There are 2 protein chains.
Amino acid sequence: MIYDCTDSLHKKFLFNREVKRILFVPYALHDRDSFTKTARDKLKTLGYEVDSVHETPDPVDAVRKAEGTFIGGGNTFRLLKALYDKKLVTEIRKTVLEDGISYMGSSAGTNVSTISINTTNDMPIVYPPTFAAIGLVPFNINPHYLDPDPSSKHMGEMREQRIIQYHEEPDTPCVLGLREARLFQRGKQTTEYEPGSDLSFLLTDAQ
Amino acid sequence: MIYDCTDSLHKKFLFNREVKRILFVPYALHDRDSFTKTARDKLKTLGYEVDSVHETPDPVDAVRKAEGTFIGGGNTFRLLKALYDKKLVTEIRKTVLEDGISYMGSSAGTNVSTISINTTNDMPIVYPPTFAAIGLVPFNINPHYLDPDPSSKHMGEMREQRIIQYHEEPDTPCVLGLREARLFQRGKQTTEYEPGSDLSFLLTDAQ
């Protein structure tokens, strides 16, 4: 199971399996120690022990042995580059899709769980070897999706326009804007989903 | 001379040299014909003829022969990828830095004129071969710079925080936030510049 989290989804993550220890991935922020402490303190109150992948001598082995993996938010480019540098992209995909290990991502951690990071909102502060990501789901996500603000004086492109520009490119997958949920499909009408909607069709029909 | 334009700088572009014809680069938007028509109609009212690089059989040759080059705004990733695909990055750098040809960029066209596109606000809808850009100036720019909005409910990172994250990476150049102008230097205090300020020191002292 794959979750985009902020609060109560932590609990679902727990209930899904007999997860007692979570492998935390702090690569999206510069200060990995501080980020790990924050995550560890919070998850402890929810009953989990936390190992951080940056504290282990062998990150690939840590992923292979993890009961559950949680990738925290921050900068998506920095995160994806580190995941490739540590050779974790394929490993995480395998543990989730083949072994059924739980995965939870927050913001940047959600972006890297999709087909690609092409629809992140983040600044490209480092250059990853590709924008292709872990690919746990056959679509892309735009976290923190915001509606266009007609009163804004900002001259740059608005979020919706950016996603439409993405769909001007050939062979682009659908994009789920996670406000509550707004689904962009290349060549189709954009659709709004209420909280609690069943979006499981995206797992098989996401083009 | 290099200009970030929106309005009156068009005129400076003209006054700088005996420029009668401008080479327009519409790669940042999907509909290049429509974008060219908009630019052509506007620049005609200012007294210029416009050739668009996408209408020429040999873009490299068009850049070599241009009296002045204007790169329009849109998506910075799409623009930079197209500039590399057409082998124009080095050519434009040469014409400006060695031959003194005028360059004008708007938004994405400003980003690609700097060291790298690492501080663009745009969505990474395509994957360019590198984030290194034309490098007409020894610093980076963040166009449409916005101050943090304390009332915002947006959960993603704010602009200032994103640029600070960029400077957490090693060997990163200074970043000029183009509102009026706000200068970010790695390890130094952020400085505000009023409109009309002389920023020419950036050309030699931009680390």
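Residues numbered from 1 in each chain as written. Chains lettered and ligands numbered in written order. Predicted model: local features only at pLDDT ≥ 70, side-chain atom pairs only at ≥ 80, totals over all residues. Heavy atoms only, no water.

Taking an unreviewed UniProt entry as the reference, chain A is identified by name as Si:dkey-69o16.5 belonging to Cyprinus carpio carpio.

Brief notes about the relation of the copies chain A and chain B
Inclusion rule: Here the copies are matched by least squares. The fit uses the C-alpha atoms of residues with pLDDT of at least 70 in both. In this description, contact between two residues means that some pair of their heavy atoms is separated by no more than 4.5 Å.
For these two chains of identical sequence, chain A goes onto chain B by a turn of 180 degrees and a shift of 0.0 Å along the axis, with RMSD 0.0 Å. Those values place the two copies in the arrangement expected of a two-fold rotation axis. In this assembly, 100% of the residues forming the interface of chain A have copies in chain B that are likewise at the interface, indicating an isologous arrangement.

What about the sheet that holds strand β7 (residues 175–178) of chain B?
Residues and elements named next belong to chain B. To be explicit about the condition: If DSSP finds at least two bridges between two strands, the strands pair. Only DSSP runs of H or I covering at least 4 residues are called helices, and only runs of E covering at least 2 are called strands; the numbering of each starts at the N terminus.
The strand order across the open sheet formed by 4 strands is β6-β7-β8-β9, and the pairing between neighbours is mixed. The sheet is open, and its two edges are formed by β6 (140–143) and β9 (191–192), each paired on a single side. Sheet topology places strand β8 (residues 182–184) next to β9; 2 bridges connect them, and they run antiparallel. Among the inter-strand pairings, Arg182 is bridged to a residue of β9, identified as Glu192.

Digging into the packing of aromatic side chains
For any pair of aromatic rings, the description consists of the separation of the ring centres together with the inter-plane angle of the planes. All names here are of chain B. Spelled out, the test is: Whether two aromatic rings pair depends on their centres lying within 6.5 Å, for rings of Phe, Tyr and Trp, where Trp uses its six-membered ring; planes under 30 degrees apart make the pair stacked, over 60 edge-to-face, and the rest tilted. Only protein chains enter the accessibility calculation, which uses a 1.4 Å probe. A residue is then buried if its area is under 20% of the maximum for its type, exposed if over 50%, and partly exposed in between.
Scanning the entire structure with this criterion turns up 14 aromatic pairs over all chains. Residues Phe24 and Phe70 carry aromatic rings whose centres are separated by 5.5 Å and whose planes lie at 55 degrees to one another, so their mutual orientation is tilted. One end of the pair, Phe24, is in strand β2 (residues 21–25); the other, Phe70, is in strand β4 (residues 68–71), and 46 residues separate them in sequence. For the pair Phe24 and Phe70, a shared accessibility class is recorded, and that class is buried. Where Phe77 meets Phe131, the ring centres are 5.9 Å apart and the plane angle is 75 degrees; that geometry is what we call edge-to-face. Of the two residues, Phe77 is situated in helix α4 (residues 76–85) and Phe131 in the loop between α6 (108–111) and β6; the sequence distance between them amounts to 54 residues.

A look at the sheet that holds strand β7 (residues 175–178) of chain A
Residue and element names in this part refer to chain A. Read across the open sheet, the 4 strands follow the order β6-β7-β8-β9; overall the sheet is mixed. Two strands lie at the open edges of the sheet, namely β6 (140–143) and β9 (191–192), each paired on one side alone. Pairing of β6 with β7, which is carried by 4 bridges, proceeds in the parallel orientation. Paired with Pro143 across the strands is Leu178, a residue of β7.

Points about the environment of Glu67 of chain A
All names here are of chain A. Stated precisely, the cut-off is as follows: Here a polar contact is recorded for every N or O atom pair within 3.5 Å, except that within protein the pair must consist of a potential hydrogen donor and a potential acceptor, and residues adjacent in sequence are included only if both atoms are side-chain atoms.
Inspection of the secondary structure assignment puts Glu67 in the loop between α3 (59–65) and β4 (68–71). Since its relative accessible area comes to 30%, Glu67 is described here as partly exposed. On a C-alpha basis, the gap between Glu67 and Ser102 in space is 7.3 Å, while along the polypeptide they are 35 residues apart. Separated by 2.8 Å, the side chain of Glu67 and the backbone nitrogen of Lys20 make a polar contact. At 3.4 Å, the side chain of Glu67 forms a polar contact with the backbone nitrogen of Arg21.

Points about unusual backbone geometry
Residue and element names in this part refer to chain A. In this structure, Lys87 takes a positive phi of about 60 degrees despite not being glycine. Structurally, the position occupied by Lys87 is in the loop between α4 (76–85) and α5 (89–97). On the basis of relative accessibility, which here comes to 63%, the residue Lys87 falls in the exposed class.

Here's the deal with the pairing of β4 of chain A
All names here are of chain A. Where burial is concerned, the two faces of β4 agree: the one with Gly68 and Phe70 and the one with Thr69 and Ile71 are both buried. Summarising the sheet, strand β2 (residues 21–25) and β4 pair through 3 bridges and their orientation is parallel. Counted as the bridge partner of Val25 is Ile71 from β4. Pairing between β4 and strand β5 (residues 102–105): 4 bridges, direction parallel. Looking at the pairing, Ile71 lines up with Gly105 of β5.

Quick word on the nonpolar core
The tendency in soluble globular proteins is for nonpolar side chains to be buried side by side. We apply this condition: Think of a nonpolar core as a cluster: buried Ala, Val, Leu, Ile, Met, Phe, Trp, Tyr and Cys residues, connected wherever their side-chain atoms sit within 4.5 Å.
In terms of nonpolar packing, the biggest core is built from 70 residues, with Leu83 of chain A together with Leu83 of chain B touching the most fellow members. In contact with Leu83 of chain B, other than residues within four places in its own chain, are Val25, Tyr27, Ile71, Leu88, Val89, Ile92, Val112 and Ile134 of chain B.

Some thoughts on α4 of chain A
The α-helix advances 3.6 residues per turn, and as a result positions three or four apart in sequence lie on the same side. Residues and elements named next belong to chain A. Burial analysis of α4 places 7 of its 10 residues in the buried class, the great majority of the element. Within α4, the full set of buried residues consists of Thr76, Phe77, Arg78, Leu79, Leu80, Ala82 and Leu83. One side-chain oxygen of the residue at the start of α4 lies 2.9 Å from the amide nitrogen of Phe77, identifying that residue as Asn75. Taken from the residues just after α4, Lys87 is the one with a positive phi, measuring 60 degrees.

Some remarks on helix α7 (residues 159–168) of chain B
Looking at α7 of chain B, one finds that the buried residues are Arg159, Arg162, Ile163, Gln165, Tyr166 and His167 of chain B. Structurally, α7 of chain B contributes buried residues whose contacts are with α4 of chain A together with β6, β7 and β8 of chain B.

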